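Residues per chain, in single letters:
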Amino acid sequence: MPDPRDPIASAGMVAREIRTGERGAAATKVLTARRTYRADQADVWDALTNPERLPRWFQPVSGDLRVGGRYQFEAQAGGTVERCDAPELLAVTWEFGGNLSWVEVRLSGSGDGTVLELVHEAPVDPKMWEQYGPGAVGIGWDGLLHSLGYHLTTSESLDPDEWERWMTSPMGVAYARLLGDAWGAAAIADGEDPEAAKAAVDAVVAFYTVPPPEETPEG
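Nothing here was measured: the structure is a model prediction, and the numbers come from that model.

1. As for the sheet that holds strand S5 (residues 78–85)
Taking strand neighbours across the sheet as the criterion, the 8 strands line up as S1-S2-S8-S7-S6-S5-S4-S3 in an open arrangement whose pairing is antiparallel. Edge positions in the sheet fall to strand S1 (14–23) and strand S3 (61–63), since each has one partner strand and no second. On average, each strand axis in the sheet is inclined to that of its neighbour by 25°, with strand direction left out of account. One ladder, built from 3 bridges, connects strand S4 (residues 70–73) with S5; its direction is antiparallel. Its bridge partner lying in S5, tyrosine 71 is registered against glycine 79. Here helix H2 (residues 41–49) sits on the sheet in contact with S5, strand S6 (89–96), strand S7 (99–110) and strand S8 (113–123), set at roughly 160° to S7. Taken strand by strand, helix H7 (residues 170–189) contacts S1 and strand S2 (26–37), and its axis lies near 45° from that of S1.

See below:
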């Protein structure tokens, strides 16, 4: 069985889909990522919703963590809790940088494991989509699905600084390319032009793997 602690191996455990949708009068893109964890459903649910465990694989969260309440992840998205049907469904708005989208996480039992299905629906920003395609969001979610799997397997946390450094290494670049190609293939299956999808994959892989320029002292 693939080692869930290995990012390259865990990338192959995720099924990815893209479809074109509509919410109100606005066109949307709907990203779906599905992975089975060798963990009890109650344990996966607790990792997703317990504010004491969320920082171990994602980020600290604050706010009114109940239906209708507002939540905020540190240095990340915030929003409103729309549904919370333990231990099966969590639905929230996902608000970041002035943009509003919607995220649902669904859990179901599968043999001796738990299937997690994450659905992220967002209005289409034509410029952003043309430049980066679905990987702009998809690669980030893939990283979190891996981080969750690492935590469920080891009860430990990935070091975020170490992870950021690893993403700029040759193995990290290969990982980002693997994810970018997978999301590009999902977009093509939804009708995206193959050449446009390839260009977007190249851009998003560079975005995730090129280290920021080092600051130079003034004077």
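Having put the structure on the table, let's press on.
2. Digging into the packing of helix H5 (residues 135–154) against H7
Two numbers describe how H5 lies on H7: the axes approach to 9 Å, and their chain directions differ by 120°. It follows that H5 is oblique to H7 by the angle criterion. In terms of crossing hand, the pair formed by H5 and H7 is right-handed. Contacts between H5 and H7 pair Gly135, Gly138, Ile139, Asp142, Gly143 and His146 from the former with Tyr175, Ala176, Leu179, Gly180 and Trp183 from the latter. For the contact of H5 with H7, the residue count by class is 5 nonpolar, 5 polar and 1 charged.

About the criteria used
- Each chain has its residues counted from 1, running along the sequence as written.
- Owing to the predicted nature of the model, reporting of local features is limited to residues with pLDDT of at least 70; listing and counting of side-chain atom pairs is limited to 80 or more, with chain, interface and lining totals taken over all residues.
- Excluding hydrogens and water, the side-chain figures rest on all heavy atoms present in the structure.
- A pair of strands counts as paired when DSSP detects no fewer than two bridges linking them.
- Secondary structure follows DSSP: runs of H or I at least 4 residues long count as helices, runs of E at least 2 residues long count as strands, and numbering of each begins at the N terminus.
- Where helices are involved, their axes are fitted lines through C-alpha atoms of the stretch in contact, as for all axes, and angles between N-to-C directions lie from 0 to 180°.
- It only takes one pair of heavy atoms within 4.5 Å for two residues to be counted as in contact.
- For classification, angles of less than 35 degrees are called roughly parallel, those exceeding 145 degrees roughly antiparallel, those between 65 and 115 degrees roughly perpendicular, and all remaining angles oblique.
- In this scheme the handedness of a crossing depends on how the near helix is turned from the far one: anticlockwise by less than a right angle means left-handed, clockwise means right-handed.
- All amino acids are sorted into three groups, where Ala, Val, Leu, Ile, Met, Phe, Trp, Tyr, Cys and Pro are nonpolar, Asp, Glu, Lys and Arg are charged, and the leftover types, Gly among them, are polar.

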